[in-house]
Amino acid sequence: MTKKLPVIIDNRNGNTVLNALGNLLPNTEKMDIAAGGFEIASFLMLEGLWQHLNKIRILTGDSTARQSRNDIIRTLLDRCNKSIENEKIRDDSLTGLPALREALTSGQIMLKVHSASKFHAASCLMESNPVDFAVAGCSDFTRQGLTEDMELNLFTTDQAHIEGLRNWFNEIWKKAESVNAELLNVIDPHLKDYDPFTVYAKSLFEFFAGREKTQDEWEMSQSVIYPLLSQYQKDGYHQALQITERWGGSLICDGVGLGKTFIGLMILERCLHEDRRILLVVPKSAEESVWNANIRRYLEPHYALEMEERLRIERHTSFGKEGLISEKKLNYYRSRSDVIIIDEAHHFRNPNANRGKLLMDIAAGKKLYLMTATPINNSLDDLYHLINYFAQNRPDHFASVGIRNLRKHFLTAEKRMSDEHPEAETAEIAEQGDFLHSDELLRHVLIQRSRKYVKQSEGISENPLFPLRQTPRVIGYSLKNVYAGLYGEIKEAFDRDKPFLSLAIYNTALYHKKPDPQIAGYQKLIAALIRTLLLKRLESSFKSFEASVEDLLAKTAAFLKYYSPERFSAWDTANRRWWKLVQEHIADRLELSEKETENEEEDDIPEFAKDFDADQHDMNRLLDDVLEDMNRLTDFLSKIYRRFYLKGQEGVREDPEKDDKLQKLIRHLNEDNLLKNQKIIIFSEFRNTARYVAKQLIQAGFKRAEQVDSGRNVKNREIP
């Protein structure tokens, strides 16, 4: 051994497993490797260090799921093949691979698969002279596990420990199955000599991959949807097929009104034609009026039996909460679905939400088509998480196009944007910088065409397909005037740096006896998002802000009632008037939504953690802060009720004259020559604002006002 190794090997500051092996292998005679994750190309990083060993035994399996023997071997071989492809980026001559092939052929290296159960082992046992040693912990035998990911591994020369490892390894080894022959079949094509023409043809194939898939005879003569598509839609459809074939998924991000739905219908028809099983996931608000209506009109007359057998449609909200979709269905989608098509896919941008976890689970091994006009809502993380549904947590999924770490790629891009424009929102910077078209990765996986592209592809030179965009006219109003004396208090309560509202039920790590830094960081992020949400709704309308504060109070009160009924009872008695109004408002909002409709707004106040363990927390301090939050929220609401409602009818009947923003809108609708006697569409991000504005407009004399949101009128989208 050339130098003394530390007891803990964690891949930090040069203390990598790879470097440890580099020090240990020159004195090693035999090596036994157990690894849930294994890549054969990892041996190329040890070139020149292992060839003198008498025997290398490798035991692997699947650490993430209970799969069949064939599935485990297929996954292993695919991983090994990709690792060799990725290594070509670093060394296109693949130095050391011929020696690996020879060692596998001769039996110097033996690889076996354990398929009887999940396999989450991680150890390297080395026999040496004069003493044996081992590295055991959590590192996979992959480039990431040996060099990049922060791991926890123990280096030991304790002979009792080593004897225990040896006995364990020998026991599992006896029952495992050899896959040397299968692995040789993976390696051989990489070492084969190819003639120049074959190399040239392959280069052309790779160059044009993902750019355009040409029409075939079925599309031209038999497809129902294809003749209905404009040329740019056909281009998008072919490109989506090609991208998904190469990477496992694609993002279809054309703007609103450019016909993504019909591209989706064409992909759906193609999958039915190819006998694939499809899971279509759509918003509740678009299920009947958009998807079912078009499927009945165009596809059902031609594919009725095929759809009955191979098409399943689920709503976003089926994945929203635990128990809304049966385990039987989930098992079917995991094992039988071939393709997943998701409309409004940005609703799945949070991987920690229940819908995100379920999608990541069922998406493994599927082809994904993700449709959204807004792939970036808050940060570049939104894009990363959408792409990761088909990258499946493989950092090097795009290594062949130079992206060796998917997560790092987006973190670096966002940091660059933040450094260059510290005051601007990420989504705004990305749009101004044309990030979706200029980013080296997104050019390979994302489809987004501009109106200019559409006009060119359709051969439109005059009488444009789209109306000329007018310069926006701002109707000025003042939030200070809207909220009067409340405005300053609200800003202080939700200040980013020094908020006096603690949001204690979402920051429980602050009260944990042994806090986990990762959980603490996540909870801090959740609290920040809640503050941002409340401020966004504050600007939208007082009614939307009021509803969010009421929901936050209700969830905080539920926490207090569960963990301290006596404190809740005392608070209830002291705040009976306002608490009763809160409960009535929440009930009214639920009643206004159509039966079986759930809220599809992503920015809802989240539930408090279900895995909360009171015994691990300082409950007295936590409950004190929870009660303080409830008192502050109640105080806010009492002031909102007094500010925006008629005197004597606080919380019951709004006083529209006190809402400066609303009055400015009504005045413009009545007096602006451009708006008078016209059909007008008013958009709002939040349903509570939309319902409030519609109600007030009707009361102000606009009798033909109709209001639609994801919770009501979801079937009737044709407003006269």
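Residues numbered from 1 in each chain as written. Predicted model: local features only at pLDDT ≥ 70, side-chain atom pairs only at ≥ 80, totals over all residues. Heavy atoms only, no water.

A. Quick look at the pairing of strand β2 (residues 28-35). Among the 8 residues in β2, 6 count as buried, and that is most of the element. Alignment of β2 against strand β5 (residues 122-128), held across 7 bridges, turns out to be antiparallel. Its bridge partner lying in β5, Thr 28 is registered against Ser 128. Across 6 bridges, β2 lies against strand β3 (residues 55-60) in parallel orientation. When the bridges of β3 are listed, Ile 33 appears paired with Ile 58. (Buried < 20%, exposed > 50% of the residue type's maximum accessible area, 1.4 Å probe, protein only. Helix = DSSP H or I, 4+ residues; strand = E, 2+ residues; numbered from the N terminus. Pairing = 2+ DSSP bridges.)

B. The arrangement of the packing of helix α23 (residues 542-563) against helix α28 (residues 687-699) in detail. Close contact between α23 and α28 brings their axes to 7 Å; oriented N to C, the two are set at 135°. Comparing their axes, α28 and α23 come out oblique. With respect to the hand of their crossing, α23 and α28 are arranged in right-handed fashion. For the pair α23 and α28, the contacting residues are Phe 542, Lys 543, Ser 544 and Ala 547 in the first and Asn 688, Thr 689 and Tyr 692 in the second. Per-class residue counts for the contact of α23 with α28 are 3 nonpolar, 3 polar and 1 charged. (Axes fitted to C-alpha atoms, helices over the stretch in contact; angles between N-to-C directions. Parallel < 35°, antiparallel > 145°, perpendicular 65-115°, else oblique. Left-handed = near helix turned anticlockwise from the far one by under 90°. Contact = heavy atoms within 4.5 Å. Nonpolar A, V, L, I, M, F, W, Y, C, P; charged D, E, K, R; others polar.)

C. The arrangement of the confidence of the model for the protein in detail. Of all residues in the protein, 90% have pLDDT values of 70 or greater, and the mean over the chain is 86. Contacts of residues 594-605 to residues separated by more than four positions or lying in other chains number 45 contacts, the stretch itself having pLDDT below 50. (pLDDT = per-residue confidence, 0-100.)

D. Looking closely at the pattern of salt bridges. Per the stated rule, a full pass over the model turns up 38 salt bridges. Here Glu 87 ties to Arg 143 by a salt bridge, and the two come within 3.1 Å at their closest N and O atoms. In this pair, Glu 87 sits in helix α2 (residues 69-90) while Arg 143 sits in helix α4 (residues 143-148), placing the two residues 56 residues apart along the sequence. One exposure class covers both Glu 87 and Arg 143, and it is buried. Arg 270 is the salt-bridge partner of Glu 219, the closest N and O atoms lying 2.7 Å from each other. Of the two residues, Glu 219 is situated in helix α8 (residues 217-221) and Arg 270 in helix α10 (residues 260-273); the sequence distance between them amounts to 51 residues. Each of the two residues, Glu 219 as well as Arg 270, counts as buried. If you follow the salt bridges from partner to partner, you end up with Asp 216, Glu 219, Arg 270, Glu 274 and Arg 276 in one network. (Salt bridge = Lys/Arg side-chain N within 4 Å of Asp/Glu carboxyl O.)

E. Region of the structure containing the sheet that holds strand β10 (residues 278-282). With parallel pairing, the 6 strands of this open sheet are ordered in space as β11-β10-β12-β13-β9-β14. Looking at strand neighbours, the two that pair on one side only are β11 (311-315) and β14 (446-447), the edges of this open sheet. Across 5 bridges, the pairing between β10 and β11 is parallel. Residue pairing across strands places Ile 278 opposite Leu 311, the latter belonging to β11. Across the sheet, helix α11 (residues 284-310) lies against β10, β11, β12 (339-343) and β13 (367-371), angled at about 165° from β11, the strand it touches most. Sheet contacts for helix α13 (residues 354-363): β10, β12 and β13; angle to β12, the most-contacted strand, approximately 150°.

F. Here's a closer look at α13. Taken across its 10 residues, α13 has 8 buried, putting it largely inside the fold. Residues of α13 that are buried: Asn 354, Arg 355, Gly 356, Leu 358, Leu 359, Met 360, Ile 362 and Ala 363. Elements in contact with the buried residues of α13: β10, α12 (327-336), β12, β13 and α14 (381-391). Backbone geometry just after α13 places Gly 365 at a positive phi near 80°.

G. Layout of the nonpolar core. Counting 76 residues, the largest nonpolar core has Ile 387, Phe 398, Phe 410 and Phe 435 as the members making the most contacts within it. If we ignore the near neighbours within four places in the chain, the residues touching Phe 410 are Leu 380, Leu 383, Tyr 384, Ile 387, Phe 435, Leu 441 and Leu 442. Ile 505, Tyr 506, Ala 527 and Phe 568 belong to the second largest nonpolar core, which has 51 residues in total. (Core = buried A, V, L, I, M, F, W, Y, C linked by side-chain atoms within 4.5 Å.)

H. The side chain of Glu 87, seen in detail. Classification of Glu 87 as buried rests on a relative accessible area of 10%. When neighbours within four sequence positions are excluded, Glu 87 is seen to be in contact with Ala 41, Leu 44, Leu 94 and Arg 143.

I. Quick peek at the environment of Glu 288. Structurally, Glu 288 is set in helix α11. Taking C-alpha positions, Glu 288 is 47 Å from His 512, a pair spaced 224 residues apart along the chain.

J. Main features of the environment of Leu 258. Looking at the element boundaries, Leu 258 is found in the loop between β9 (249-252) and α10. By relative accessible area, Leu 258 is classed as buried at 4%. Sequence separation of Leu 258 and Leu 228 is 30 residues, and the distance between their C-alpha atoms is 14 Å.

K. Structural view of the packing of aromatic side chains. Scanning the entire structure with this criterion turns up 25 aromatic pairs. Centre to centre, the rings of Phe 169 and Trp 173 are 5.7 Å apart; their planes meet at 20°, and the pair counts as stacked. With Phe 169 and Trp 173 both in helix α5 (residues 159-175) and 4 residues apart, the pair spans about one turn of that helix. No difference in accessibility class separates Phe 169 from Trp 173, as the two residues are buried. A centroid spacing of 4.7 Å and a plane angle of 75° characterise the contact between Tyr 562 and Tyr 563, whose relative ring orientation is edge-to-face. Its relative accessible area of 61% is what places Tyr 562 among the exposed residues. The class of Tyr 563 is partly exposed, set by a relative accessible area of 23%. A connected cluster of aromatic rings, assembled from ring pairs, spans Tyr 483, Phe 542, Phe 545, Trp 578, Tyr 641, Phe 644, Tyr 645 and Tyr 692. Cation over ring: Arg 57 sits above Trp 173, and NZ or CZ is 5.2 Å from the ring centre. (Phe/Tyr/Trp six-rings, centres within 6.5 Å; stacked < 30°, edge-to-face > 60°. Lys NZ or Arg CZ within 6 Å of the ring centre and 35° of its normal.)

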